[in-house]
Amino acid sequence: MKWQRETSNSIKKQAGQDIVILLRNWKKRQMRHRVYQALLSAALAVSCLVLITMIYYYVDCSIPSVINVRAGQEESFRLGVPATGEIISVSDQGSSNIPQGAVNIDLSRTVTLKAAMESSYQMQVKLFGFLSFKNVDIRVIEDQELIPVGAPIGIYVKTDGILVVGTGDFQGSDGVSYSPGKYILKSGDYIRKVNGETVTEKDEFIALVEASGGREMQLTVERGEELMEVKVTPVRDAGGDYKLGVWVRDNAQGVGTMTYIDSMGNFGALGHGITDVDTSTLMHMEGGTLYQTDIVEIQKGSAGNPGEMTGMIIYSNDRILGDITENSVRGIFGVCNQKALEMGVREALPIGLKQEIQEGPAQILCSVNGMTQYYDVEITAVRLDHDNVNRGIELTVTDPELLEATGGIVQGMSGSPIIQNGKFIGAVTHVLVQDSTRGYGIFIENMLEH
């Protein structure tokens, strides 16, 4: 009987343990199930967020913030998005006197607008006809014709102040390492004055530092939009000269392509601004000069290497083409002299607005063999509201002759006019480092907004 009781107790104990194990396993399965559900829900939420972001980005890129239309002419465009537009204001009248909701434009279909010269409009875009998305400015512009040039140019610009490229250490006369300008001056600063006196030349600034005798100097510095006063004390280096430990620059040179000449004898070039090679900031320009240049060497582009056109610039008066008056993110602009005007031998072409550009064949005008000529390209995408004003057009070089000569788009071709269907639509601005046959362009209307 005792053996039977012990056996019975043992069986009960084992059964209890089995139940406990089953409960534990059930709880673990439940926990794993809840974790799985949480992970699945999180993944679903992330996927929905990514999808919504992609849809938002696509719709935002499809709806330009600004639409230019020609005065008195019918302009047609199709955005192809599920949205409607409503005119909410007129520039010369303030609020629109059109009753709210009276004029709804279906942006998923072809839209035709005709505007008077004296008015510009603002259109409110609503997704699916009810969800307010963004406002679009409809600007009325005069029709314009430009002479496409496509010729190489030499560029010299003088900075507006002394540009600080960077700071560094040097060995002092006592053998100790010094960097007086560190933490006081920054890359991208422009030194305007030294002890209250305006400075414009790098050599002049260096001479003032050397003549300081180690006395504290007060510098007037432009940093971004702010003008500030800083103090710094030069230190004598191992060679006996006084230094601040800063690298400075007062000019920049390069080679690019002239884009157009307008009816007033003004030019536009590059399609992007001149930036400092070390700081990558847009250079503040005091003035500049355009020179005739000859291409002496072409390094073909390849995967990982964008290639380059090397030009010879002779800084002589008889080779000057004009004055550079503006350096902006949209290019460099200025006034042509007679020598430059003689380069504009081609017939002026009407400008093509961005809504008129189509994916498909086009041409670029450039000079790679001593002669300016057209080469075939394919426009692969049109970004109506791209964040970068210089990359609204995506293109691929298809011309065998140009591919043989350059491998595609190379540095120095920036500014080459882009022509489609007899209209001047833009200029080449960038090349893809991974694929030199592909690149970007700026809308010509963006260049004309400088």
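Residues numbered from 1 in each chain as written. Predicted model: local features only at pLDDT ≥ 70, side-chain atom pairs only at ≥ 80, totals over all residues. Heavy atoms only, no water.

## A closer look at the overall build of the chain
Part 1 of the reasoning: Scanning the chain from terminus to terminus reveals five helices and 31 strands.
Part 2 of the reasoning: Looking at the 450 residues of the chain, the share that counts as buried comes to 43%.
Part 3 of the reasoning: A separation threshold of at least 6 residues defines the contact pool for the chain, and within that pool the share at least 24 residues apart is 68%.
Part 4 of the reasoning: When the accessible surface of the chain is totalled, it reaches about 23,500 Å², and 51% of it is carbon and sulfur. (Helix = DSSP H or I, 4+ residues; strand = E, 2+ residues; numbered from the N terminus. Buried < 20%, exposed > 50% of the residue type's maximum accessible area, 1.4 Å probe, protein only. Contact = heavy atoms within 4.5 Å. Areas by Shrake-Rupley, 256 points an atom, 1.4 Å probe, with all protein chains shown as cover.)

## A short note on the sheet that holds strand S29 (residues 417–420)
Part 1 of the reasoning: Taken in spatial order, the six strands of this closed barrel run S26-S27-S28-S31-S30-S29, and their pairing is antiparallel. Between one strand and the next, the sheet's axes are offset by a mean angle of 45 degrees, whatever the strand orientation. (Pairing = 2+ DSSP bridges. Axes fitted to C-alpha atoms, helices over the stretch in contact; angles between N-to-C directions.)

## Topic: the packing of aromatic side chains
Part 1 of the reasoning: Counting across every chain of the model gives two aromatic pairs.
Part 2 of the reasoning: Between tyrosine 291 and tyrosine 315, the ring centres sit 4.9 Å apart and the planes meet at 90 degrees, which makes this aromatic pair edge-to-face. Taken together, the residues tyrosine 291 in strand S21 (residues 285–299) and tyrosine 315 in the loop between strand S22 (308–313) and strand S23 (320–328) connect sequence positions 24 residues apart.
Part 3 of the reasoning: An aromatic cluster is defined as three or more aromatic residues linked by ring pairs; in this entry it consists of Tyr156, Tyr291 and Tyr315. (Phe/Tyr/Trp six-rings, centres within 6.5 Å; stacked < 30°, edge-to-face > 60°.)

## Description of a negative patch on the surface
Part 1 of the reasoning: On the surface, a cluster of negative charge is contributed by Glu201, Asp203, Glu204 and Glu286.
Part 2 of the reasoning: Looking at the element boundaries, glutamate 204 is found in helix H2 (residues 202–210). (Patch = residues over 30% accessible without salt bridge, like charges linked within 9 Å, V, L, I, M, F, W, Y side chains within 5 Å. Salt bridge = Lys/Arg side-chain N within 4 Å of Asp/Glu carboxyl O. Lys, Arg positive; Asp, Glu negative; His and termini not counted. Charge placed at Lys NZ, Arg CZ, Asp CG, Glu CD.)

## Quick look at the pairing of strand S8 (residues 131–141)
Part 1 of the reasoning: Strand direction decides the pairing type here: strand S1 (residues 66–70) and S8, joined by five bridges, are parallel. Within S8, the residue paired with arginine 70 across the bridge is isoleucine 141.
Part 2 of the reasoning: Alignment of strand S7 (residues 121–127) against S8, held across seven bridges, turns out to be antiparallel. Bridge pairing in S8 places leucine 127 opposite leucine 131.

## A few points about a nonpolar patch on the surface
Part 1 of the reasoning: Taken together, Met31, Val35 and Leu39 make up a surface patch of nonpolar side chains, about 290 Å² in accessible area.
Part 2 of the reasoning: Considering the arrangement of structural elements, one finds methionine 31 in helix H1 (residues 2–62).

## Side note on the confidence of the model for the chain
Part 1 of the reasoning: On average, residues of the chain carry a pLDDT of 85, and 89% of them reach 70 or more.
Part 2 of the reasoning: Considering only residues more than four positions removed or in separate chains, one finds that residues 95–103, a stretch of pLDDT under 50, has eleven contacts. (pLDDT = per-residue confidence, 0-100.)

## Considerations on the pairing of strand S16 (residues 226–232)
Part 1 of the reasoning: Sheet topology places strand S15 (residues 217–223) next to S16; seven bridges connect them, and they run antiparallel. Paired with valine 221 across the strands is methionine 228, a residue of S16.
Part 2 of the reasoning: Hairpin connection of S15 to S16: two residues between the antiparallel strands, including glycine 224 at a positive phi of 65 degrees.

## A word on unusual backbone geometry
Part 1 of the reasoning: With phi around 70 degrees, tyrosine 183 is a residue other than glycine that occupies positive phi space.
Part 2 of the reasoning: When you line up the elements, tyrosine 183 lands in the loop between strand S12 (177–178) and strand S13 (190–194).
Part 3 of the reasoning: A positive phi angle, close to 55 degrees, is found at asparagine 421, a residue other than glycine.

## Considerations on the side chain of serine 367
Part 1 of the reasoning: Among the secondary structure elements, serine 367 is positioned in strand S26 (residues 360–367).
Part 2 of the reasoning: Overall, the relative accessible area of 7% leaves serine 367 in the buried class.
Part 3 of the reasoning: Once you skip the residues sitting within four places of it in the chain, serine 367 turns out to touch Gly150, Pro152, Ile295, Met309 and Thr372.

## Concerning the pattern of salt bridges
Part 1 of the reasoning: Taken as a whole and judged by the stated rule, the model has twelve salt bridges.
Part 2 of the reasoning: A salt bridge links aspartate 189 to arginine 223; its shortest N-O distance comes to 2.7 Å. Note that aspartate 189 is positioned in the loop between S12 and S13 and arginine 223 in strand S15, a separation of 34 residues in sequence.
Part 3 of the reasoning: Since its relative accessible area comes to 1%, aspartate 189 is described here as buried.
Part 4 of the reasoning: One connected set of salt bridges, linked through shared partners, spans Arg70, Asp143, Glu356 and Lys423.

## Quick word on the nonpolar core
Part 1 of the reasoning: One finds Ile155, Leu290, Ile324 and Ile332 to be the most contacted residues of the largest nonpolar core, which totals 23 residues.
Part 2 of the reasoning: For this core, the secondary structure elements donating two or more residues are strand S10 (152–167), strand S19 (246–261), strand S20 (266–269), S21, S23 and strand S24 (331–336).
Part 3 of the reasoning: In terms of residue count, the dominant contributor to this core is S10 (four residues).
Part 4 of the reasoning: Sequence-distant contacts of isoleucine 332, defined by excluding residues within four places in its chain, comprise Ile155, Phe267, Gly268, Ala269, Leu270, His272, Ile274, Leu290, Ile324, Glu326 and Asn327. (Core = buried A, V, L, I, M, F, W, Y, C linked by side-chain atoms within 4.5 Å.)

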